Amino acid sequence: MPQREHHAPGHALVIGGGTMGVGIIAMFLAGGWKVDVVSRSATTRDGLPAALAKALGAMGKTTDTSGLKTYATLAEASWPAIEIAVETVTEDLPLKQKLFAEMETLARAGCAITSNSSSFPISEIGKGLKTQSRMMGLHFFMPAHLIPLVEVVRSVHTDVKLAEQVGATMRSLGKRPVQVKKDVIGFLANRIQGALMREALWLIEQGVASPEDIDATVRLSFGFRYAAAGPIVQKEHSGWDTTCAVAKIIWPDLSNAKGPPPVLQKNVDEGRIGFKTKRGFFEWNDESMAKERARYERALRKCLEIFREEGIV
């Protein structure tokens, strides 16, 4: 298995101190990096030390946030020292484009400029800019301080060596980088996850199974196996001949919907969007949400222990 590379701690900039930003900042701090954080919100800036202490604690790291500095504007940050910038703002393409244009004028030549966008191609975010060779997607997964994978997404303009260097930096910080060699919508994980979600929601829509049983099916069958082996290696175990035969029978009947099914749209229209409104497919209250968050984080940490034992993160 690949061994983690060792890099001297550096200096990073993170734009945005929301849920994703906190996890990414914690990753850098845990690796001994200095981190500049830019957020227009004074409330967000003031709340960062407490949020980071909690994230670092969950990582089993010391809650030292002395390497953190916060700013209200990009221009205030320590640009001559910054080696990598990570944008984590809301999924708003014009906003991201504006920030990238500003960063291009501020960042030193060797600085990688990256976006945590989960949907917009990096070629769209950096469109028209002069230094697109140093721009790439750097897509983390929530909670970013615990989920080990990060996608390094290249456009046709991205310098391959720089993308590999960013991947090496991520590995030195305890992440498992994957190189997404084409700037496809959704990258790797969200495309694969989207295919599963489309079918899961179709099964609920058609009354084939309850949300509870859909979750149990994923977690306790193939999802359980996926923690041990990805879908490709798993089929190396079981045989591609079986997969090919099953594909001929099942795949023609799978959902090929071009958009969200009515059951999902109805939930959104009614404000049933999950923890944010305390109701989704399930009903929630403060106590049940706290219990579920704790259970979820505990399960992630257990899985992370297995991956660390294998040396893959």
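From a predicted model like this one, the values you see are computed outputs, not experimental measurements.

Quick notes on the rules
- Residues numbered from 1 in each chain as written.
- Predicted model: local features only at pLDDT ≥ 70, side-chain atom pairs only at ≥ 80, totals over all residues.
- Heavy atoms only, no water.
- Buried < 20%, exposed > 50% of the residue type's maximum accessible area, 1.4 Å probe, protein only.
- Helix = DSSP H or I, 4+ residues; strand = E, 2+ residues; numbered from the N terminus.
- Pairing = 2+ DSSP bridges.
- Right-handed = clockwise from strand over helix to strand, strands pointing away.
- Core = buried A, V, L, I, M, F, W, Y, C linked by side-chain atoms within 4.5 Å.
- Contact = heavy atoms within 4.5 Å.
- 1 Å grid on protein atoms, 1.4 Å probe; cavity = no way out; pocket = protein on both sides within 12 Å on 5 of 7 lines; lining within 4 Å.
- Points joined across faces, edges and corners; volume = space filled by probe spheres on them.
- Nonpolar A, V, L, I, M, F, W, Y, C, P; charged D, E, K, R; others polar.
- Salt bridge = Lys/Arg side-chain N within 4 Å of Asp/Glu carboxyl O.
- Expected span 1.5 Å × (residues − 1).
- Axes fitted to C-alpha atoms, helices over the stretch in contact; angles between N-to-C directions.
- pLDDT = per-residue confidence, 0-100.

Draft legend 1. Seen up close, the pairing of strand 7 (residues 149-153). Counting buried positions over the five residues of strand 7 gives four, a clear majority of the element. Of the strand pairs in this sheet, strand 6 (residues 135-139) and strand 7 are connected by three bridges, and their pairing is antiparallel. What sits directly across from Gly137, in strand 7, is Val153. Pairing geometry for strand 7 and strand 8 (residues 176-180), over five bridges, is parallel. In the strand pairing of strand 8, Val153 is matched with Val180. Remark: the strand 7/helix 5 (residues 160-172)/strand 8 crossover connection has right-handed handedness.

Draft legend 2. Fine view of unusual backbone geometry. Looking along the chain, the bond that leaves Met142 and enters Pro143 is cis, with omega of -5°. The topology assignment puts Pro143 in the loop between strand 6 and strand 7. In this model, Phe187 sits at a positive phi of 60°, which is unusual for a non-glycine residue. Structurally, Phe187 can be placed in the loop between strand 8 and helix 6 (189-205). If you check the backbone angles, Lys278 has positive phi at about 65° while not being a glycine. For Lys278, the location among the structural elements is in the loop between helix 11 (262-269) and helix 12 (286-310). For Lys278, a relative accessible area of 36% gives the class partly exposed.

Draft legend 3. Molecular detail of the nonpolar core. By size, the foremost hydrophobic cluster in this structure holds 37 residues, and its most contacted members are Ile25, Phe28, Ile84, Leu138, Phe140 and Met170. Mapped onto this core, the elements with two or more residues apiece are strand 1 (11-15), helix 1 (19-30), strand 2 (34-38), helix 2 (42-58), strand 4 (84-87), strand 6, strand 7 and helix 5. Broken down by element, the residue count for this core peaks at eight residues, all from helix 1. If we ignore the near neighbours within four places in the chain, the residues touching Ile25 are Val14, Gly16, Val35, Val37, Leu48, Leu52 and Leu68. Core analysis: the second largest hydrophobic core is formed by 21 residues, Ile15, Ile82, Leu95 and Leu129 among them.

Draft legend 4. Expanded view of the layout of surface pockets. Counted as a void, the second largest pocket has a volume near 340 Å³. Along its surface, the second largest pocket is lined by 16 residues, and Ile15, Ser39, Arg40, Val89 and Leu99 are the ones closest to its centre. Here the lining of the second largest pocket is composed, by residue class, of seven nonpolar, six polar and three charged.

Draft legend 5. Representation of the pattern of salt bridges within the structure. All told, the structure shown has seven salt bridges when counted by the stated rule. A salt bridge links Lys266 to Glu270; its shortest N-O distance comes to 2.8 Å. With a relative accessible area of 36%, Glu270 lands in the partly exposed category. Here the salt bridges do not stand alone but share partners, grouping Glu87, Glu91 and Lys96 into one network.

Draft legend 6. Expanded view of helix 6. Between its terminal C-alpha atoms helix 6 stretches 24 Å, which fits the 24 Å expected from 17 residues at 1.5 Å a residue. For helix 6, the full list of buried residues reads Glu199, Ala200, Leu201 and Ile204. Next to the buried residues of helix 6 lie helix 7 (211-220) and helix 11. A positive backbone phi angle near 75° is found at Gly207, which sits one or two residues after helix 6.

Draft legend 7. Molecular detail of the sheet that holds strand 6. Taking strand neighbours across the sheet as the criterion, the eight strands line up as 3-2-1-4-5-6-7-8 in an open arrangement whose pairing is mixed. With one partner strand each, in any of the chains shown, strand 3 (68-71) and strand 8 form the two edges of the open sheet. Along the sheet, successive strands turn relative to each other by an average axial angle of 25°, direction set aside. Pairing analysis gives four bridges linking strand 2 to strand 3, with the strands arranged parallel. When the sheet's bridge partners are listed, Asp36 is paired in strand 3 with Lys69.

Draft legend 8. Looking closely at the confidence of the model for the protein chain. Here the protein chain shows a mean pLDDT of 94. Residues at 70 or above account for 98%. Confidence drops under a pLDDT of 50 for residues 1-5, and excluding neighbours within four residues, the segment shows 13 contacts in the predicted structure.

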